[in-house]
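# Per-entry structural report
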Number of protein chains: 2
Amino acid sequence: MIRYPFQIEKNKENKLKTPSQSYKNRGLSLESMINDTNKYYKFIDKALIYKKPTPIHIVKIDKENRISDAFFEKPSTTDYNGIYKGKYIDFEAKETKSKTSFALKNIHSNQIKHLLMVDEMGGIAFIIVSFTALDKIFIYFIKDFKKYIDNNDRSSIPLDEFIKNGREITPSIYPVLDYLSFVDEFIMNI
Amino acid sequence: MIRYPFQIEKNKENKLKTPSQSYKNRGLSLESMINDTNKYYKFIDKALIYKKPTPIHIVKIDKENRISDAFFEKPSTTDYNGIYKGKYIDFEAKETKSKTSFALKNIHSNQIKHLLMVDEMGGIAFIIVSFTALDKIFIYFIKDFKKYIDNNDRSSIPLDEFIKNGREITPSIYPVLDYLSFVDEFIMNI
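All residue numbers here refer to positions counted from 1 along the written sequence of the relevant chain. Chains and ligands are labelled sequentially in the order written, the chains with letters from A and the ligands with numbers from 1. Per-residue local features are limited, in this predicted model, to residues with pLDDT of at least 70; the limit for side-chain atom pairs, both in listing and counting, is 80 or more; totals at the level of whole chains, interfaces and linings are taken over all residues. Derived side-chain values reflect all non-hydrogen atoms in the structure, with water molecules and hydrogen atoms excluded from consideration.

All names here are of chain B. Relative to the 20 Å expected for 14 residues at 1.5 Å per residue, helix α2 (residues 30–43) spans 20 Å between its end C-alpha atoms, a close match to the ideal helical length. For α2, the complete set of buried residues consists of Leu30, Met33, Ile34, Asp36, Thr37, Asn38, Tyr40 and Tyr41. The positive-phi residue at the C-terminal boundary of α2 is Asp45, with phi of around 60°. Under the scheme used here, helices are H or I runs from DSSP no shorter than 4 residues and strands are E runs no shorter than 2 residues, and both carry numbers assigned from the N terminus. Given the number of residues in a helix, its expected span is that number minus one, multiplied by 1.5 Å. Relative accessibility decides the category of a residue: with a 1.4 Å probe and only protein chains considered, values under 20% of the type maximum give buried, values over 50% give exposed, and everything between is partly exposed.

Set out below in structure tokens:
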């Protein structure tokens, strides 16, 4: 079995773990799965996609450049962006406990605006939503969101819409969440 | 005269200021000039390019979600990225006081690696270097850097190389630093 550098980590039983084991055994967060996936994509030279650092407003820096007072800022863009097949990729990832819908209040309105602008400019924009209580993860492109929101309620996206127009991402081994396979499909259809 | 929303700021004399005035009068930092330029590009729907937040490792969060202990992390990517004409743009901006060369120790080696990878993947990667003592700002594409570094000293890039293979960006009014005009030129030649 091939061990990639980013997987050489040990679990509590002191055994080497892989992302898939972690996912099954410990209920890895959506963020961890996406980060593992992006490391894998980078490792195989497929794509370069990073999570942006959380925006923090620094109030006070002590001696030795240590931050002693700061607070979280409202993000103006999404969490993830990067390059795949020369194209600009941009997305936001969110978990919801709901079994029926994804409430839009879970995403800042300026993040939605940002994704709509990326789409207008020819980039590939989407959200990844994990329905944790259902153990289902979907990729949903902003182009579909635009169509949906023009004709429907603006406070949430029902699960049915994800099933109908999104694509379910089934966690696997390498990579954990192969969302770029759906980006390939998307590129072929535009 | 048109006043854009992001320019409605006042200087010490309580007069409305423009980016160009700021640059001339106060010696605006390269970062401020780039940020103003990016706001302008966004305002006219030309490009979406953002500065990533500084990566910070949070040690302690107090009540009310306030950060009371944290430190700066080494960046794994560059400061700026985004989308222009559907393409992925990625760059780093640095100032140097030197009058003769730009020392590569000013950029983290993983940032240089990142820019080389972006170039390999078909993205548009470059650095913007301001020689503050000379009042000259250059855009220098990673494709030229690759050619240069294969045949030369690996510790610095001499000013002559920027003059020969880079392009000088002359600060102007709207936008302050029109670096995308050189990206257009670059796109035409690839």
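Now that the structure has been shown, we can carry on.
Least squares is the method used to superpose the copies, on C-alpha atoms of residues holding a pLDDT of at least 70 in both. Mapping chain A onto chain B leaves a residual RMSD of 0.0 Å; the transformation is a rotation of 180° accompanied by 0.0 Å of translation along its axis. The relationship between the two copies is best expressed as a two-fold rotation axis. The criterion used for residue contact is that any of the two residues' heavy atoms lie within 4.5 Å. A symmetric contact is evident, with 100% of the interface residues of chain A recurring at the interface of chain B.

Let us now look at the packing of helix α3 (residues 109–120) of chain A against helix α4 (residues 142–151) of chain A. Residue and element names in this part refer to chain A. Running from amino to carboxyl end, α3 crosses α4 at an angle of 115°, the nearest separation of the two axes being 10 Å. Between α3 and α4, the interaxial angle falls into the category roughly perpendicular. Crossing hand, α3 versus α4: left-handed. Every residue of α4 that contacts α3 at Ile112, Leu115, Leu116, Asp119 and Glu120 is listed here: Ile142, Lys143, Phe145 and Lys146. Looking at the contact of α3 with α4, its residues break down into 5 nonpolar, no polar and 4 charged. Axis definition: a line fitted to C-alpha atoms, over the contacting stretch in the case of helices. Angles run 0 to 180 degrees between N-to-C directions. In what follows, roughly perpendicular refers to angles from 65 to 115 degrees, roughly parallel to angles under 35, roughly antiparallel to angles over 145, and oblique to any angle outside these ranges. Whether a crossing is left-handed or right-handed is set by the direction in which the near helix is turned from the far one by less than a right angle, anticlockwise for left-handed and clockwise for right-handed. By the convention adopted, Pro, Cys, Tyr, Trp, Phe, Met, Ile, Leu, Val and Ala count as nonpolar, Lys, Arg, Asp and Glu as charged, and the other residues, Gly among them, as polar.

Let's shift gears to the packing of aromatic side chains. Whether two aromatic rings pair depends on their centres lying within 6.5 Å, for rings of Phe, Tyr and Trp, where Trp uses its six-membered ring; planes under 30 degrees apart make the pair stacked, over 60 edge-to-face, and the rest tilted. Per the counting criterion, the structure on display carries 27 aromatic pairs over all chains. Measuring from ring centre to ring centre gives 6.0 Å for Tyr88(A) and Tyr88(B), while their planes differ by 20°; the resulting arrangement is stacked. Taken together, the positions of Tyr88(A) in strand β5 (residues 87–96) and Tyr88(B) in strand β5 (residues 87–96) put the pair across two chains. Since its relative accessible area comes to 2%, Tyr88(A) is described here as buried. Counting every residue linked through ring pairs, the aromatic cluster contains Tyr41(A), Tyr80(A), Phe91(A), Phe126(A), Phe141(A), Tyr179(A) and Phe186(A).

Quick look at the layout of surface pockets now. A 1.4 Å probe that fits into a set of points on a 1 Å grid over the protein atoms alone but cannot get out defines a cavity; an open set with protein on both sides within 12 Å along at least five of seven lines defines a pocket, and lining residues are those with an atom within 4 Å of a point. Grid points are joined across faces, edges and corners, and a volume is the space filled by probe spheres set on the points. Size it by volume and the second largest pocket reaches roughly 940 Å³. In terms of lining residues, the second largest pocket is bounded by 36 residues, among which Ser76(A), Thr77(A), Tyr50(B), Lys51(B) and Pro53(B) are the most central. If you list the elements that add at least two residues to the lining of the second largest pocket, you get β2 (56–61), β5 and α3 of chain A together with α2 and β1 (47–51) of chain B. Grouping the constituent residues of the lining of the second largest pocket by class yields 12 nonpolar, 11 polar and 13 charged.

Now for the nonpolar core. Residues enter a nonpolar core if they are buried and are Ala, Val, Leu, Ile, Met, Phe, Trp, Tyr or Cys, with the set joined through side-chain atoms within 4.5 Å. Counting 48 residues, the largest nonpolar core has Ile127(A), Phe162(A), Ile127(B), Ile157(B) and Phe162(B) as the members making the most contacts within it. Sequence-distant contacts of Ile157(B), that is, excluding residues within four places in its chain, are made with Ser101(B), Phe102(B), Leu104(B), Ile127(B), Tyr140(B), Phe145(B), Tyr148(B) and Phe162(B).

In this section: the side chain of Glu161(B). Residue and element names in this part refer to chain B. Along the chain, Glu161 falls in helix α5 (residues 159–165). By the counting scheme adopted, Arg and Lys are positive, Glu and Asp are negative, and His together with the chain ends is not counted. Whenever Lys or Arg places a side-chain nitrogen within 4 Å of a carboxyl oxygen from Asp or Glu, that contact is recorded as a salt bridge. The buried charged residue Glu161 lacks any salt bridge partner; its closest oppositely charged side chain belongs to Lys164, at an N-O distance of 5.3 Å. Discounting chain neighbours no more than four positions away, the residues touching Glu161 are Tyr140, Asp144, Tyr148 and Gly166.

Moving on, we get to the pairing of strand β4 (residues 80–84) of chain A. All names here are of chain A. Extensive coverage of β4 is indicated by the burial of 5 of its 5 residues. By the alternation rule, side chains of β4 split into Tyr80, Gly82 and Tyr84 and Asn81 and Ile83, which are all buried. When β4 meets β5, the two strands line up antiparallel, connected through 5 bridges. Each bridged residue has a counterpart across the sheet, and for Gly82 the counterpart in β5 is Ile89. Between the antiparallel neighbours β4 and β5 lie 2 residues, among them Lys85 with a positive phi of about 50°. In this analysis, strands are considered paired if DSSP registers two or more bridges between them.

In total, this model carries 20 salt bridges over all chains according to the counting rule given. Between Arg66(A) and Asp69(B) there is a salt bridge, with its nearest N and O atoms 2.8 Å apart. Taken together, the residues Arg66(A) in strand β3 (residues 66–72) and Asp69(B) in strand β3 (residues 66–72) connect one chain to another. What emerges from the salt-bridge pattern is a single network uniting Asp119(A), Glu120(A), Lys143(A) and Lys146(A).

Let us look at the interface of chain A and chain B. One widely used convention gives an interface's size as the accessible area the parts lose upon coming together. Counting residues at the interface gives 37 residues for chain A and 37 residues for chain B. Those elements that provide at least two residues to the side of chain A that touches chain B are β1 (47–51), β2, β3, β4, β5 and α3 of chain A. For the side of chain A that touches chain B, the element with the highest residue contribution is β3(A), accounting for 7 residues. The class makeup of the residues in the side of chain A that touches chain B is 18 nonpolar, 11 polar and 8 charged. Of the strand pairs in this sheet, β3(A) and β3(B) are connected by 4 bridges, and their pairing is antiparallel. What sits directly across from Arg66(A), in β3(B), is Phe71(B).

Our focus in this paragraph is the sheet that holds β3(A). Ordered in space as β2(A)-β3(A)-β3(B)-β2(B), the 4 strands form an open sheet in which the pairing is antiparallel. Of all the strands in the sheet, just β2 of chain A together with β2 (56–61) of chain B have a single pairing partner and so form its edges. Going from strand to strand, the sheet's axes swing by 40° on average, the running direction of each strand aside. Pairing analysis gives 5 bridges linking β2(B) to β3(B), with the strands arranged antiparallel. Bridge pairing in β3(B) links Ile56(B) to Phe72(B).

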